[in-house]
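Single-letter residue listing:
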Amino acid sequence: MKRWVLTLGITLGAAGSAAAQEACLRPVPPEEVKPPADDREFRDFLNQEYQAYLLAMQEYLNCLGREHESATKEVNEVMARWMLWFGDDARIRFDSRGPPQP
């Protein structure tokens, strides 16, 4: 029974973590077309394209900021738990020879 509860908790924890992630999609910039001086309608269209891009890019940057905050919070929580549970064994070891052999 304990094993089932632990497995359920791990599964729900992973699902909750994945659900908290947000998809930050970078907008496509407008085409590099110089607006003509003699075509007001096309000029207005291009102007709207630039405005839409800049607004979407601001939202994209805000999304990245939220993702950064979320990832930082998550790594801090995991690191605190790791240090609590593993104490002095909670160390990242860098060895050019590869992972330690059991």
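The structure under discussion appears in the preceding block.
Peer 1: Sorry if this is basic, but what is going on with the overall build of the protein chain here?
Peer 2: Of regular secondary structure, the protein chain possesses 2 helices and 0 strands. Considering only residue pairs separated by 6 or more positions, the protein chain has 54% of its internal contacts joining residues 24 or more positions apart.

Peer 1: Looking at this model, I keep getting lost on the packing of aromatic side chains. Mind explaining?
Peer 2: Geometrically, a pair of aromatic rings is defined through the distance of the ring centres and the angle of the planes. Here the structure, examined in full by the defined rule, presents 1 aromatic pair. Seen in terms of ring centroids, Phe-42 and Phe-45 are 6.3 Å apart; in terms of plane orientation they differ by 15°. Their pairing is stacked. With Phe-42 and Phe-45 both in helix α2 (residues 40–86), this residue pair falls 3 residues apart, about one helical turn.

Peer 1: What am I meant to see in the pattern of salt bridges here?
Peer 2: Once their charged atoms are close, side chains differing in charge can pair, the charge on each being opposite to the other. One pass over the structure, following the stated rule, counts 2 salt bridges. One salt bridge in this structure joins Arg-40 and Asp-44, with 3.6 Å as the shortest N-O distance. With Arg-40 and Asp-44 both in helix α2 and 4 residues apart, the pair spans about one turn of that helix. The shortest N-O distance in the salt bridge between Arg-66 and Glu-59 comes to 2.9 Å.

Peer 1: What's the story with a nonpolar patch on the surface in this structure? I'm lost.
Peer 2: On the surface, a cluster of nonpolar side chains totalling about 230 Å² of accessible area is made up of Val-33, Phe-42 and Phe-45. Exposure remark for Phe-42: the relative accessible area of 33% places this residue in the partly exposed category.

What counts, and at which threshold
Residues numbered from 1 in each chain as written. Predicted model: local features only at pLDDT ≥ 70, side-chain atom pairs only at ≥ 80, totals over all residues. Heavy atoms only, no water. Helix = DSSP H or I, 4+ residues; strand = E, 2+ residues; numbered from the N terminus. Contact = heavy atoms within 4.5 Å. Phe/Tyr/Trp six-rings, centres within 6.5 Å; stacked < 30°, edge-to-face > 60°. Salt bridge = Lys/Arg side-chain N within 4 Å of Asp/Glu carboxyl O. Patch = residues over 30% accessible without salt bridge, like charges linked within 9 Å, V, L, I, M, F, W, Y side chains within 5 Å. Areas by Shrake-Rupley, 256 points an atom, 1.4 Å probe, with all protein chains shown as cover. Buried < 20%, exposed > 50% of the residue type's maximum accessible area, 1.4 Å probe, protein only.

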